Protein chains: 2
Amino acid sequence: MASSRVLNFGAGPSALPASVLEKAAEGLLNFNGTGIGIAEISHRSKEFTAFVANLEFLIRTQLDVPPTHAILFTQGGGSAQFSATVLNLLARHRLLHPHLSDDERVMDYVVTGSWSEKAAEEAKRMGGSRVNVAVDSRKYSKDGKSFDNIPPHTEYAFSPDPALIYYCENETVDGVEFSHKDADATSFPYHLLDKGALLPLVADYSSSFMCRPIPHLSDHAVIFAGAQKNIGPAGLTILIVRQDCIVDVDAAAQLGATPIPLTMSYKTLFDSKSLYNTPSVLPIYIAGLVLEHLAELGGLKYYEQTNRKKAEKVYEAVRKGEEKAVLQRKVQDGAGSWMNVVFSVLGDGAEQRFIEGAEKEDMKGLKGHRSVGGIRVSLYNAITEADTDKLIGYIEKFVLAESNTTS
Amino acid sequence: MASSRVLNFGAGPSALPASVLEKAAEGLLNFNGTGIGIAEISHRSKEFTAFVANLEFLIRTQLDVPPTHAILFTQGGGSAQFSATVLNLLARHRLLHPHLSDDERVMDYVVTGSWSEKAAEEAKRMGGSRVNVAVDSRKYSKDGKSFDNIPPHTEYAFSPDPALIYYCENETVDGVEFSHKDADATSFPYHLLDKGALLPLVADYSSSFMCRPIPHLSDHAVIFAGAQKNIGPAGLTILIVRQDCIVDVDAAAQLGATPIPLTMSYKTLFDSKSLYNTPSVLPIYIAGLVLEHLAELGGLKYYEQTNRKKAEKVYEAVRKGEEKAVLQRKVQDGAGSWMNVVFSVLGDGAEQRFIEGAEKEDMKGLKGHRSVGGIRVSLYNAITEADTDKLIGYIEKFVLAESNTTS
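Quick notes on the rules
- Residues numbered from 1 in each chain as written.
- Chains lettered and ligands numbered in written order.
- Predicted model: local features only at pLDDT ≥ 70, side-chain atom pairs only at ≥ 80, totals over all residues.
- Heavy atoms only, no water.
- Helix = DSSP H or I, 4+ residues; strand = E, 2+ residues; numbered from the N terminus.
- Contact = heavy atoms within 4.5 Å.
- Buried area = accessible area lost by both parts, 1.4 Å probe.
- Salt bridge = Lys/Arg side-chain N within 4 Å of Asp/Glu carboxyl O.
- Polar contact = N/O pair within 3.5 Å; in protein donor to acceptor, adjacent residues only side chain to side chain.
- Nonpolar A, V, L, I, M, F, W, Y, C, P; charged D, E, K, R; others polar.
- Least-squares fit on C-alpha atoms with pLDDT ≥ 70 in both.
- Buried < 20%, exposed > 50% of the residue type's maximum accessible area, 1.4 Å probe, protein only.
- Expected span 1.5 Å × (residues − 1).
- Domains from an automatic or database assignment.
- 1 Å grid on protein atoms, 1.4 Å probe; cavity = no way out; pocket = protein on both sides within 12 Å on 5 of 7 lines; lining within 4 Å.
- Points joined across faces, edges and corners; volume = space filled by probe spheres on them.
- Pairing = 2+ DSSP bridges.
- Axes fitted to C-alpha atoms, helices over the stretch in contact; angles between N-to-C directions.

- If you look chain A up in an unreviewed UniProt entry, it shows as Phosphoserine aminotransferase from Artomyces pyxidatus.

### Comments concerning unusual backbone geometry
For step 1, the next point in the chain: In this model, Gly 12 of chain A is joined to Pro 13 of chain A through a cis peptide bond whose omega is -5 degrees.
For step 2, the next point in the chain: As for its position among the elements, Pro 13 of chain A is in the loop between strand 1 (7-8) and helix 1 (18-29).
For step 3, the next point in the chain: In this model, Asp 64 of chain B sits at a positive phi of 60 degrees, which is unusual for a non-glycine residue.
For step 4, the next point in the chain: Of note, Lys 273 of chain B is a non-glycine position whose phi angle comes to about 50 degrees, a positive value.

### Re the interface of chain A and chain B
For step 1, the next point in the chain: Listed per partner, the contact involves 64 residues of chain A and 64 residues of chain B.
For step 2, the next point in the chain: For the chain A and chain B pair, buried surface summed over both sides reaches about 5000 Å², with 59% attributable to carbon and sulfur atoms.
For step 3, the next point in the chain: Taken as a group, Leu 29, Glu 40 and Arg 125 of chain A account for 15% of the area that chain A buries against chain B, more than any other trio of residues on that side.
For step 4, the next point in the chain: Linking chain A with chain B are 4 salt bridges.
For step 5, the next point in the chain: In this structure, the salt-bridge partner of Asp 250 of chain B is Arg 125 of chain A, at a minimum N-O distance of 2.9 Å.
For step 6, the next point in the chain: Viewed at the interface, chain B and chain A are joined by 26 residue pairs in polar contact (both at pLDDT 80 or more).
For step 7, the next point in the chain: Contributions of two or more residues to the side of chain A that touches chain B are made by helix 1, helix 3 (77-96), helix 4 (114-127), helix 5 (249-254) and helix 7 (281-297) of chain A.
For step 8, the next point in the chain: Its residues assigned to classes, the side of chain A that touches chain B comprises 31 nonpolar, 22 polar and 11 charged.

### Considerations on the relation of the copies chain A and chain B
For step 1, the next point in the chain: Once turned by 180 degrees and shifted 0.0 Å along the axis, chain A lies on chain B with an RMSD of 0.0 Å. Such values leave the two copies arranged in the relation of a two-fold axis. The position closest to the rotation axis in chain A is occupied by the C-alpha of Ala 25 of chain A, lying 2.2 Å away.
For step 2, the next point in the chain: Interface overlap between copies is the fraction of interface residues in one copy that are interface residues in the other; for chain A against chain B it reaches 100%, indicating a shared surface.

### What to know about the pattern of salt bridges
Residue and element names in this part refer to chain A.
For step 1, the next point in the chain: Overall, the coordinates contain 46 salt bridges over all chains when judged by the stated rule.
For step 2, the next point in the chain: For Glu 385, the salt bridge is made with Lys 309, and the minimal N-O distance between the two is 3.5 Å. Taken together, the residues span a long stretch of sequence, with Glu 385 in helix 10 (residues 385-406) and Lys 309 in helix 8 (residues 299-323) at a distance of 76 residues.
For step 3, the next point in the chain: For Glu 385, a relative accessible area of 24% puts it in the partly exposed group.

### Digging into the side chain of Asn 230 of chain A
Residue and element names in this part refer to chain A.
For step 1, the next point in the chain: Summarising the element assignment, Asn 230 is placed in the loop between strand 9 (220-226) and strand 10 (237-242).
For step 2, the next point in the chain: At 3.0 Å, the side chain of Asn 230 forms a polar contact with the backbone oxygen of Phe 209.
For step 3, the next point in the chain: From its side chain, Asn 230 meets the backbone nitrogen of Asn 381 in a polar contact 2.8 Å long.
For step 4, the next point in the chain: Residues within four places of Asn 230 in sequence aside, it is in contact with Ser 207, Ser 208, Phe 209, Met 210, Cys 211, Val 290, Met 339, Tyr 380 and Asn 381.

### Re helix 1 (residues 18-29) of chain B
For step 1, the next point in the chain: Over its 12 residues, helix 1 of chain B extends 18 Å from the first C-alpha to the last, a length consistent with the 16 Å expected when each residue adds 1.5 Å.
For step 2, the next point in the chain: Here helix 1 of chain B has its buried residues at Val 20, Leu 21, Ala 24, Ala 25, Gly 27, Leu 28 and Leu 29 of chain B.
For step 3, the next point in the chain: The secondary structure elements touched by the buried residues of helix 1 of chain B are helix 1 and helix 7 of chain A together with helix 7 (281-297) of chain B.

### Describing the domain arrangement of chain A
The extent of an interface is frequently quoted as the accessible surface area lost upon association of the parts.
Residue and element names in this part refer to chain A.
For step 1, the next point in the chain: Split into domains, chain A comes out as domain 1 (46-295) and domain 2 (299-406).
For step 2, the next point in the chain: Placing a centre on the C-alpha atoms of domain 1 and another on those of domain 2 gives a separation of 29 Å.
For step 3, the next point in the chain: Each partner contributes residues to the interface: domain 1 has 29 residues there, and domain 2 has 25 residues.
For step 4, the next point in the chain: Connecting domain 1 to domain 2 are 0 salt bridges.
For step 5, the next point in the chain: On the surface where domain 1 and domain 2 come into contact, there are 14 residue pairs in polar contact (both at pLDDT 80 or more).
For step 6, the next point in the chain: For the side of domain 1 that touches domain 2, the elements supplying multiple residues, two or more each, are helix 2 (46-63), strand 7 (176-177) and helix 7.
For step 7, the next point in the chain: Tallied by class, the residues present in the side of domain 1 that touches domain 2 amount to 10 nonpolar, 12 polar and 7 charged.

### Let's talk about empty space enclosed by the protein
For step 1, the next point in the chain: In total, this model carries 5 cavities of 30 Å³ or more according to the counting rule given.
For step 2, the next point in the chain: What lines the largest cavity is a set of 30 residues, and nearest its centre among them are Gln 75 and Gly 76 of chain A together with Gln 75, Gly 76 and Ala 80 of chain B.
For step 3, the next point in the chain: Counting only elements with at least two residues in the lining of the largest cavity, the list comes to strand 2 (69-74), helix 3 and helix 6 (266-271) of chain A together with strand 2 (69-74) and helix 3 (77-96) of chain B.
For step 4, the next point in the chain: Taken together, the residues of the lining of the largest cavity sort by class into 14 nonpolar, 16 polar and no charged.

### Quick look at the side chain of Arg 5 of chain B
For step 1, the next point in the chain: Here Arg 5 of chain B is to be found in the segment before strand 1 (7-8).
For step 2, the next point in the chain: Classification of Arg 5 of chain B as buried rests on a relative accessible area of 19%.
For step 3, the next point in the chain: Separated by 2.8 Å, the side chains of Arg 5 of chain B and Glu 40 of chain A make a polar contact.
For step 4, the next point in the chain: Once residues within four sequence positions are removed from consideration, Arg 5 of chain B is found in contact with Leu 28, Leu 29, Gly 35, Gly 37 and Glu 40 of chain A together with Leu 16, Ala 18 and Leu 21 of chain B.

### Observations concerning the sheet that holds strand 14 (residues 375-378) of chain A
Residue and element names in this part refer to chain A.
For step 1, the next point in the chain: Read across the open sheet, the 3 strands follow the order 11-12-14; overall the sheet is antiparallel. Of all strands in the sheet, those with a lone pairing partner are strand 11 (327-329) and strand 14, marking the two edges. Here the strands of the sheet are splayed against their neighbours by 35 degrees on average, with no regard to which way each runs.
For step 2, the next point in the chain: In this structure, strand 11 lies alongside strand 12 (residues 340-345), joined through 3 bridges in antiparallel fashion. Note that in strand 12 the partner of Arg 329 across the bridge is Phe 343.
For step 3, the next point in the chain: Sitting on the sheet, helix 8 is in contact with strand 11 and strand 12, with an inclination near 125 degrees to strand 11.
For step 4, the next point in the chain: Helix-sheet contacts for helix 9 (residues 350-360) involve strand 12 and strand 14, and the interaxial angle to strand 12 is about 130 degrees.

What follows is the structure in structure tokens.
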């Protein structure tokens, strides 16, 4: 079966390692010798709860998550967390500062792409509190309207003692990502934040989770990620939550906070070890297999190295395409994502030719997000260096053919 | 692989047809000839959106869902719907009657088991409105405290013009279910409801969805079901929502309703054809395969007949066990669930002997819910009549052995 598979550069749901899928196919009929398939087994069975505990262990050890932080599993994807982070952290802020007015209770949003913009909009819908856009990267874009950069550190305007500070580490649609090196101008400006307090720092890591270590992980209040990029099928959301953010949401509601659906309360998830109600068993199972596979290959260090190489190679191929006036990068220097490389193909109908040519060579999923167009190459963990080289070979061939046509 | 499988009488996640799982195992590596596995394919691809449309079609035709009702797919299980039904229907009520006080805005709950009790508790947490327990079946129980019956029709106290009327069709934990014949004393008392208005009638069908037709379906405002009983893996929730209950939740919030997380808003799901954000692709896929399998076997008529026979046989075996003073039914006449048959095994350590003996014959999942103990036999669609006969053979043998010991 594996031999008939094509290369899938889609942005998510996205490629998973074939060896993992083969093992999962067996587990569908018989999970770990129980005689019962993984989708059929009780989520309270000792076999499955052991599997969940192991998934937590794999994440904790590989990402080096300190004991101050809980690892929780839920459903609903990043979009559900747009609401859940607001509700849980406003409840926390309400308990810490019960007497502030709604206008004094501020949520800071760093807007660097389509997803952080959506999150800020949901905060306005849900909050009943003030949303402060700490920075909007469109102001610093080449065309004045695109998400094509990470703004200079000098431009962030954080509030004093906000209920939350929100950013999206990697913007899947726009291909913009913070540098993970503090020294870089395009890093997240941790140094501007008040380290004296327990920071209410929230990060959407959906499309870069487990592609490399997370800088300043222990300074975060909440890190969340949908599984459907680097680690598994859609339907599983992974949360890393600092313990002081797991609060008695009902007590906060009595002080005037918006009531939180029980399945969105971090306290519910924590108290039940992520088994308050039936979890998405099958995505959890496959995520566990993927992370075991990742550990066998050498863990995050291996992936950091490989993912850097893959991204550098593709950016270099695009740069060469720019020299020939065939391709054009969409993102400014230093802000290019490792996971989602976006570019335009210049000339009438050229993007369509690019996509169709790739499909003829069994490479799919290269079309950019419908809101921005262009080409998007997603290089999640399951895409190997050899896969990347095949794509680069195609890009080079395409650039040559197009430049011959136009010259 | 299939031959090593055991019989799984678990209450959910629960048995799925082996032939479906074998097909799903292939789809994991290559979905419908795309060369991409089902867990890896874009949820916006034409292949997947066609699959979702077909899943809707299968449900609509088999359950005879009228065009007045939308069929929606989401995540979070029944527990998330405990909150979502309250938020959406209170928003609807707010738009219909903007000037009522919270105390005048009433939600009626019919409490006949552990799950409807939980739902009523969540309504109290979320609502900011009055919860009226229209009836609590424990008052009519043999011991004054158990959920062992469906109350007489005379005992329901519904409110005038409530924001919602809630019931749970089949109580998985307690094995109590409404009769689907209006003439029976244990049916849901539809005849007491005001048919003049568009009824805000909400039903939790999680553990009986697709086991037989749904009586008075078109009178319902919302029917919801987690997939992990009769139709697929956990992680998919199916909603049938009457169009007048798909309301502008933001407009309601401006009138004072509690804001609704966007992923819980029925309007969001409806407007996006259930693809507002990445859905749980894999559970949707398997549910589609299960429903195709169900249609091939003869659809709901076939299952209604088979499920009736399975349940009658097991209840009869339990009744014979009662005659020998070995077994004891937990549920009063007429209220016994087709899907979850619960009983006690009398005598010291006898329940443990029952479970261990069954496991020796490769039958698992028979332990009752931890909150009530005893034995629970779940007879979801994937359990065949032959499977049921095997279990009944075991029950008869067990009863004989125990009655010989005690006599």
